[in-house]
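# Breakdown of the fold
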Amino acid sequence: MGQALGCIQVDQSNVAIREQFGKFDDVLEPGCHCLPWCLGYQVAGGLSLRVQQLDVRCETKTKDNVFVTVVASVQYRALAGKAADAFYKLSNTKAQIQAYVFDVIRASVPKLNLDAAFEQKNDIAKAVEDELEKAMSAYGYEIVQTLIVDIEPDVHVKRAMNEINAAARLRVAANEKAEAEKILQIKRAEGEAESKYLSGLGIARQRQAIVDGLRDSVLAFSENVPGTSARDVMDMVLLTQYFDTMKEIGASSKSSSVFIPHGPGAVGNIAAQIRDGLLQGHSADLLH
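Since we're looking at a predicted model, the values are computed, not measured.

### Things to note about the overall build of the protein
Helix and strand counts for the protein stand at 7 helices and 9 strands. Classification of the 288 residues of the protein by burial places 25% in the buried group. Contacts spanning at least 24 positions in sequence make up 61% of the contacts within the protein whose residues lie at least 6 apart. Accessible surface, the protein as shown: approximately 19,000 Å² in total, 54% of it carbon and sulfur.

Put into structure tokens, the structure is as follows:
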């Protein structure tokens, strides 16, 4: 806005207030206007019609006695049709808006707990906007938007809230880990039980196969060699298996030394011990 030789230029998105002999005369819109100073005309001031923003920080406390700082952002503008009211009725627009914001926030937040205050930010912003709209419309201002951009609890409260959240997450993680360990142990136990069951079946079938093979050998030898008893054939089969075992032990490079008595009477004792062991194992299988 400039003035030279009785003319004035009003910039875009602005208006000028013209007075004559100190009395309000007219609102000058953007453009060039004649202002004959000799007739008492003068420009009292200018007014911007652009949207302006005011950030207000208000400290209050919640219903559960937690002190918080609420940051509100108010967007407002002067109305061209009420430019005179906006220019003359308020001496400090920002201070007036700030006072209304303080009043509404300190009346609304103390009714809410801390968690509810975070959840109902939009309700608080709406209450501030409604109150400002009613108050500022009489002064030629329009409230475009009101936002609650932040709610900051005391630093100690914030730390405690973070610790509570962390503890809850750790508790959930511990429960999940314990449940996983439980499932793992159950599966491991089921696997071991199945393995032992199958191993038992294998051992039982192995012993049954040995017994069946020995029986078939004894019957075949008795039929082909007259005069031999089943006991004689059994002793010979056991001794044959015994010497085959000794041969395998001696042929293996990684086997440990095994000391077995080899006297004439010891052979009979060995045969008797092996026979008794096999018969006892067969009897046990039959009982099962």
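### Focus: helix α2 (residues 93-108)
Here α2 is 16 residues long and its end C-alpha atoms lie 23 Å apart, about the 22 Å a rise of 1.5 Å per residue gives. Elements in contact with the buried residues of α2: β7 (52-61), β8 (67-78), α4 (121-136) and β9 (141-153).

### Notes on the side chain of Thr-60
Inspection of the secondary structure assignment puts Thr-60 in strand β7. If near-sequence neighbours (up to four positions away) are discounted, Thr-60 is found in contact with Val-66, Phe-67, Val-68, Val-70, Ile-105, Arg-106, Val-109 and Pro-110.

### Regarding the sheet that holds β8
What the 3 strands build is an open sheet, ordered β7-β8-β9; its pairing is antiparallel. Two strands bound the open sheet, and with one partner strand each, they are β7 and β9. Taken over all neighbouring pairs, the strand axes of this sheet differ in orientation by 20° on average, direction set aside. Where β8 meets β9, 11 bridges bridge the pair, whose relative direction is antiparallel. Following the sheet pairing, Arg-77 is matched in β9 by Glu-142. Running over the sheet, α2 touches β7, β8 and β9 and is turned about 35° from β7. Packed on one face of the sheet, α4 meets β8 and β9 and runs near 145° to β9.

### Regarding the side chain of His-33
Within the secondary structure, His-33 sits in strand β5 (residues 31-34). Not counting chain neighbours up to four residues away, the residues in contact with His-33 comprise Gly-6, Cys-7, Ile-8, Val-10 and Leu-28.

### Considerations on α4
Between its first and last C-alpha atoms α4 spans 22 Å; for 16 residues at 1.5 Å apiece the expected length is 22 Å, and the two agree. Residues of α4 that are buried: Ile-124, Ala-125, Val-128, Glu-129, Leu-132, Ala-135 and Met-136. One face of α4 carries all of its buried residues, which in axial projection span an arc of 135°. Turned more than 90 degrees off the buried face of α4, the exposed positions are Asn-122 and Lys-134. In this structure, the buried side of α4 is in contact with β8, α2, α3 (114-119) and β9.

### Concerning the packing of aromatic side chains
For the structure shown, the criterion picks out 3 aromatic pairs. Note on Tyr-76 and Tyr-141: the rings are 5.9 Å apart at their centroids and 65° apart in plane angle, and the pair reads as edge-to-face. Here Tyr-76, found in strand β8, pairs with Tyr-141, found in strand β9; they are 65 residues apart in sequence, far enough to count as distant. Of the two residues, Tyr-76 and Tyr-141, neither departs from the other in class, the shared state being buried. Ring centres of Phe-87 and Tyr-88 lie 5.0 Å apart, and the angle between their planes is 85°; on these two criteria the pair is classed as edge-to-face. On the basis of relative accessible area, Phe-87 is assigned to the partly exposed category, the value being 25%. Across from the ring centre of Phe-102, 4.8 Å away, lies the NZ or CZ of Arg-106, which sits over that ring.

### Observations regarding the pattern of salt bridges
The tally for this structure, following the rule as stated, stands at 8 salt bridges. The partner of Arg-18 in a salt bridge is Asp-25, and the shortest N-O contact between them spans 2.7 Å. By relative accessible area, which is 17% here, Arg-18 ends up buried. Take Asp-25: its relative accessible area is 30%, and that puts it in the partly exposed class. Among the charged side chains, a salt-bridge network with shared partners connects Arg-18, Asp-25 and Asp-26.

What counts and what doesn't
- Residues numbered from 1 in each chain as written.
- Predicted model: local features only at pLDDT ≥ 70, side-chain atom pairs only at ≥ 80, totals over all residues.
- Heavy atoms only, no water.
- Helix = DSSP H or I, 4+ residues; strand = E, 2+ residues; numbered from the N terminus.
- Buried < 20%, exposed > 50% of the residue type's maximum accessible area, 1.4 Å probe, protein only.
- Contact = heavy atoms within 4.5 Å.
- Areas by Shrake-Rupley, 256 points an atom, 1.4 Å probe, with all protein chains shown as cover.
- Expected span 1.5 Å × (residues − 1).
- Pairing = 2+ DSSP bridges.
- Axes fitted to C-alpha atoms, helices over the stretch in contact; angles between N-to-C directions.
- Arc of directions from axis to C-beta.
- Phe/Tyr/Trp six-rings, centres within 6.5 Å; stacked < 30°, edge-to-face > 60°.
- Lys NZ or Arg CZ within 6 Å of the ring centre and 35° of its normal.
- Salt bridge = Lys/Arg side-chain N within 4 Å of Asp/Glu carboxyl O.

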